[in-house]
Structures are given as C-alpha cells and as structure tokens.
Amino acid sequence: LNRVKKKQPTSTVEANGRPDSVVAKESWKIYEQRNRSMIVDLFMGQLKSTLVCPNPQCGNVSVTFDPFMYLSVPLPRIPTRKLKIHMVHLPPRKSESYVLSLEPYADVSSIAEPLSQMSGVNAEDLLLAEVYKSKIYRYLNADTPVDSIRAGDVIVAYHIKTRTTRDKQPNQQQQQQQ
C-alpha cells in the first residue's frame, strides 16, 4: 500500500517560535517522505503537542505535530434517562401521562415512589407493565433494570386497589367473633 519505496531517515520538527501552520506543513511533508498511501490520505491526521518545562527558570516550550490514525474521544455520559409513563387511574379520575428522570442504571423500584408523589397514588397501589399493541407484553417487577426498557416502549402504570391493613382488620375481627 505504501507508495514510498525508498525510505530516508527523518527527524522531528520543532516549532522554535515559528507559526503553527508552517510547522504543521513541514511536519506533514517529512512524514509523507516515509508514508504515502491511500490510508494516509484518507484516515491520517496531525495532533499538536505542547510540552512546557515545569521549572520556572528553564521556560523551555516544545511544540510538535505528531501523526495519528486513531483519536480517542470521550463519549458524554447521559446523567439521567427520561421515561414517559401513562397512568391509568381508578374511575372517576382520567388517565394521565408523567415523565420521570431516572438514573441510567436504576431499576423499576425507583419509579414507584416518584410516580406516587406526582400522581397522589400509593406506591403499593401501582402495577407497572409494558404494553404492546394494546396488550400487556410484560409486567415490570421491582428488580427489572430501567435500561431493559427501550425508547419506543409504552409503559403503563395501573392504579389498582390493594387490600390495606384497614381493609384486613374487619375480616380479622369477624373471624375472631366466629
């Protein structure tokens, strides 16, 4: 692939106070004396490196332009994930939609409490499910990871009536009387 058949020794180019554009062109010409190919033409670039001597008495600054093929860049981490949840209330209340901001590695248990505060429904009275084509595809347990919910998934929280301790007490009193 390399079009240079006879490679001559080269040296590193230092800026020595010259403008960056001049030093960069000179560095690239020297690099191409040993490396000329389609890969170099399409995928290679230069990276400016500046080194400053930490000794204040020295004051030496070295500026070079180094060839690179791969450049690592950090990908931004999404701090939170927005999840839209449709809430189906018990009659006579109408259905509503809520948007929650969740940590990306959270599980479904972190949905119940904020949804409870926003909707005014006890967390124990919520049943979370993923709905697909108007049918329940799966129920979301407390340990279901939030990242298993895809962006297009429809999440529905059903307000169900659970038996509370107040509801249980009359039954226990009736059993004791019998």
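The rules behind these values
Residues numbered from 1 in each chain as written. Predicted model: local features only at pLDDT ≥ 70, side-chain atom pairs only at ≥ 80, totals over all residues. Heavy atoms only, no water. Helix = DSSP H or I, 4+ residues; strand = E, 2+ residues; numbered from the N terminus. Rg over C-alpha atoms; globule rule 2.2 N^0.38 Å. Buried < 20%, exposed > 50% of the residue type's maximum accessible area, 1.4 Å probe, protein only. Contact = heavy atoms within 4.5 Å. Areas by Shrake-Rupley, 256 points an atom, 1.4 Å probe, with all protein chains shown as cover. Lys, Arg positive; Asp, Glu negative; His and termini not counted. Charge placed at Lys NZ, Arg CZ, Asp CG, Glu CD. Disulfide = S-S within 2.5 Å. Expected span 1.5 Å × (residues − 1). Arc of directions from axis to C-beta. Pairing = 2+ DSSP bridges. Axes fitted to C-alpha atoms, helices over the stretch in contact; angles between N-to-C directions.

Section: the overall build of the chain
Next up, step 1: In terms of regular secondary structure, the chain is built from four helices and seven strands.
Next up, step 2: In the chain, the succession of helices and strands from N to C terminus is α-α-β-β-β-β-α-β-β-β-α.
Next up, step 3: The C-alpha radius of gyration of the chain comes to 33 Å, more than 25% above the 16 Å expected for a compact globule of 178 residues.
Next up, step 4: Over its C-alpha atoms, taken along the principal directions, the chain stretches across nearly 105 × 50 × 30 Å.
Next up, step 5: Buried residues in the chain amount to 26% of all 178 residues.
Next up, step 6: Counting contacts in the chain only where the partners sit at least 6 residues apart, residues at least 24 apart contribute 50% of the total.
Next up, step 7: Looking at the chain as shown, the accessible area adds up to about 13,400 Å², and 54% of this sits on carbon and sulfur atoms.
Next up, step 8: One way to put it: in the chain the 24 positive side-chain charges average out to a point 7 Å from where the 17 negative ones average out.

What about the state of the cysteines?
Next up, step 1: Considering all chains together, one arrives at zero disulfides under this definition.
Next up, step 2: Sulfur of Cys-58: no disulfide; nearest cysteine sulfur belongs to Cys-53 and is 3.5 Å away.
Next up, step 3: By relative accessible area, Cys-58 is classed as partly exposed at 44%.

Some points on helix α1 (residues 20-32)
Next up, step 1: Taking 1.5 Å as the rise per residue, α1 with 13 residues should run 18 Å; its terminal C-alpha atoms sit 18 Å apart, in good agreement.
Next up, step 2: Here α1 has its buried residues at Val-23, Ala-24, Ser-27, Ile-30 and Tyr-31. One side of α1 carries all its buried residues, which in axial view fall inside an arc of 130°. Away from its buried face, by an angle of more than 90 degrees, α1 presents the exposed residues Lys-25 and Lys-29.

Here we look at the environment of Thr-144
Next up, step 1: Mapped onto the secondary structure, Thr-144 falls in the loop between β6 (135-139) and β7 (154-159).
Next up, step 2: Thr-144 sits in the buried class, given a relative accessible area of 11%.
Next up, step 3: Spatially, the C-alpha atom of Thr-144 lies 8.8 Å from that of Ala-106, the residues being 38 residues apart in sequence.
Next up, step 4: In this structure, Thr-144 is in contact with Asp-107, Val-108 and Arg-138, ignoring residues within four places of it in sequence.

With respect to unusual backbone geometry
Next up, step 1: For the peptide bond that leads from Pro-91 to Pro-92, omega is 10°, which places it in the cis range.
Next up, step 2: Structurally, Pro-92 can be placed in the loop between β3 (81-88) and β4 (96-102).
Next up, step 3: Even without a glycine there, the phi angle at Asn-16 is positive, about 50°.
Next up, step 4: The residue Asn-16 is located in the segment before α1 in this model.
Next up, step 5: A relative accessible area of 69% places Asn-16 in the exposed class.
Next up, step 6: The phi torsion at Lys-133 lies on the positive side, around 55°, for a residue other than glycine.

Quick word on the sheet that holds strand β5 (residues 126-132)
Next up, step 1: In spatial order, the strands read β4-β3-β7-β5-β6; together these five strands make up an open sheet with mixed pairing. The two strands at the open ends of the sheet, each matched to only one other strand, are β4 and β6. For this sheet, the mean inter-axis angle between neighbouring strands, taken without regard to orientation, is 40°.
Next up, step 2: As defined by bridge partners, β3 adjoins β7 across four bridges and the pair is classed as parallel. Residue pairing in the sheet places Met-87 in a bridge with Ala-157 of β7.
Next up, step 3: Contacts from helix α3 (residues 109-119) reach β3, β4, β5 and β7 within the one sheet, and its direction differs from that of β4 by about 135°.

These results come straight from atomic positions and should not be treated as a statement about function.
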